[in-house]
Amino acid sequence: MKILPFTLCLILLSLTPGSSVSADELGNAVKAAMRKVEPSIVRLRVIGGEQSVDGDAVTSLVTTGIVISEDGEILTSQFALEGNPEAVLVEDWSGKRTNATVIATDSVRRIVLLKAKEGRWTPVVADDSHSVEVGQWSIALGRFYAAESSSISVGIISAQNRIHGMAIQTDAKVSPVNYGGPLVMLNGTIAGILVPLSPQGGGTSSSGIEWYDSGIGFAIPLKDALTSAQRLRSGKNLEPGKIGIRLVPAGAFDANVVIDRVLPGGPSEKSGMIKGDRILMIDGEPLERNSVLMESIARRYAGDSVTFRLQRGEAEITAVVELVEALAPVAQGYLGLLPVRLAKQYDDIRKQAGDSVPLIVVNDSPAAALDVPPEIELISVNGTVTTSPAELAMAIEEIVPGAVAEIEYRIPGETEQRSIAITAGIRPETVTELSDVVLEQIRKSRPSTVVDSVTADAAEPAVDLDDASEKASKNGVSRQEFNFEERGRCVVLS
């Protein structure tokens, strides 16, 4: 009796990655683990919808699912179910087929809860007594080609808490063949559900496409997936939570996490957060750098409450933020300031205005109503120095209708700096009919070369000028309008 535990220990050690394990020993252990979990694995055929894989439209997809209840509740990856399918068919281990209904989707962890219409089902048994550790063998299973057999790939657990702290990483080959299937340990314990994830893409159908079968795959821990299923049973989708703040750019190891902007009307503003607050902790955990905050929010759902510890001046305060599914668009205030591209003959002015942004003041605007000259060089907005159109855009994006913008400017050719407070108005719904004075300023500042060279990787396709919905010319300035369907209109003055 004293020898048996020692013998079992030797067997377990022989199956540890990196040790001298024979192919037969590993193969037998893999087969035993598969036999234990296969009754809980199903094959899913997804029909119809607007699915796209690797850029190609598809009308039918096959994927894998894991049974979690005797009533036929099934968890699978969102990979094959993103296009609102017309039907989902479930095939059990014996090949028997039945319909299934999509109950709800977890768009954070990229899993879907299904309910089979009929049939007898063997649910997976969660085993919390066995912990998942880096270096353990793992088996990626999929029911892709036939209902009665599984596709397998063997590797090790290569990391934990990956992709915003949500996922187990394995070097077993993971691809659409086994998405939705289980990541199984050698003892037959299911570690998690295989899903497509990527640090950049989060988890769309093409996420991690560069990693297919490459030795980098991810699984949502089974415990977390089952917790998600509890919430999905209500029929309500779980969507990513948004907070509505922007942080001051910082280095990778900068410990100062400071709020640069609070979205007006957003959840962070409602909680009392303001620009300049330094975030010290989130839900009791110290915040060491910007990326930690982003990762923490990325794994939470809309409706979740998050408690922040903030430093404001010498005081420390607490703010509780309820994350939202979507941030309401914020109406930007209208000042009537139009950036321009200076012509070559204005090189001297451009050099002199290196600490400012050349602007034209549009007629019938809040700025024009205060007798701001039609041509100015903008130096700052509300104390924020603007030396480029990009800096100007960031400085004015927080200005909403009714807000006061304190601008500092000078008239071209002069050194005297002037300041004035402008109350932002509401952006006009129609394009303002520009006055002769403004048109003359545009004509003077127009680049001498009308058509610039266009790089091959331009973000927008070229627009055929012959398709312009409206063409006009006044005082030597041509005006053209282009319609971009639901994206709006573009007015070009040249």
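To keep things clear, this report deals only with the structure shown in the data block.

### Looking at the overall build of the chain
A count of helices and strands for the chain gives nine helices and 29 strands. Burial statistics for the chain: of 494 residues in total, 42% are counted as buried. Within the chain, contacts between residues separated by at least 24 positions form 61% of all contacts whose residues are at least 6 apart in sequence. Total accessible area computed for the chain in this model is approximately 25800 Å², and 53% of it derives from carbon and sulfur atoms.

### Let's talk about the pattern of salt bridges
Taken as a whole and judged by the stated rule, the model has 13 salt bridges. As a salt-bridge pair, Glu91 and Arg97 come within 2.7 Å of each other at their nearest N and O atoms. A relative accessible area of 6% means that Glu91 is categorised as buried. Note that Arg231 and Asp304 form a salt bridge whose closest N and O atoms lie 3.7 Å from each other. A residue pair is termed long-range when its members are at least 10 positions apart, and Arg231 in helix 3 (residues 222-232) and Asp304 in the loop between helix 5 (290-298) and strand 17 (305-312) qualify at 73 residues. When its relative accessible area of 36% is taken as the criterion, Arg231 is described as partly exposed.

### Side note on unusual backbone geometry
For Arg110, which is not glycine, the phi torsion reads 65° and is therefore positive. Mapped onto the fold, Arg110 is located in the loop between strand 5 (97-106) and strand 6 (111-116). With a phi close to 65°, Asp371 is a non-glycine residue in the positive phi region.

### Side note on the packing of aromatic side chains
If you walk through the whole model with that rule in mind, you get one aromatic pair. Look at Phe79 and Tyr179: their rings are 5.0 Å apart centre to centre, the planes differ by 65°, and that puts the pair in the edge-to-face class. On the criterion of sequence distance, the pair formed by Phe79 in the loop between strand 3 (73-77) and strand 4 (87-91) and Tyr179 in the loop between strand 9 (167-170) and strand 10 (182-185) is long-range, its members being 100 residues apart. When sorted by exposure, Phe79 lands in the same class as Tyr179, which is buried.

### Details of the sheet that holds strand 16 (residues 285-286)
An order of 16-15-17-18 is seen for the four strands of this open sheet, with the pairing classed as antiparallel. At either margin of the open sheet sits one strand with a lone partner, and together these are strand 16 and strand 18 (315-322). The pairing of strand 15 (residues 278-282) with strand 17 spans four bridges and is antiparallel. Within strand 17, the position partnered with Ile282 by the bridge is Phe308. With respect to the sheet, helix 5 is in contact with strand 15 and strand 17, its orientation differing from that of strand 15 by roughly 50°.

### Side note on the pairing of strand 9
Side chains of strand 9 alternate between two faces, with Ala167 and Gln169 and Ile168 and Thr170 buried alike. Pairing between strand 8 (residues 151-162) and strand 9: three bridges, direction antiparallel. Within strand 9, the residue paired with Arg162 across the bridge is Ala167.

Parameters at a glance
Residues numbered from 1 in each chain as written. Predicted model: local features only at pLDDT ≥ 70, side-chain atom pairs only at ≥ 80, totals over all residues. Heavy atoms only, no water. Helix = DSSP H or I, 4+ residues; strand = E, 2+ residues; numbered from the N terminus. Buried < 20%, exposed > 50% of the residue type's maximum accessible area, 1.4 Å probe, protein only. Contact = heavy atoms within 4.5 Å. Areas by Shrake-Rupley, 256 points an atom, 1.4 Å probe, with all protein chains shown as cover. Salt bridge = Lys/Arg side-chain N within 4 Å of Asp/Glu carboxyl O. Phe/Tyr/Trp six-rings, centres within 6.5 Å; stacked < 30°, edge-to-face > 60°. Pairing = 2+ DSSP bridges. Axes fitted to C-alpha atoms, helices over the stretch in contact; angles between N-to-C directions.

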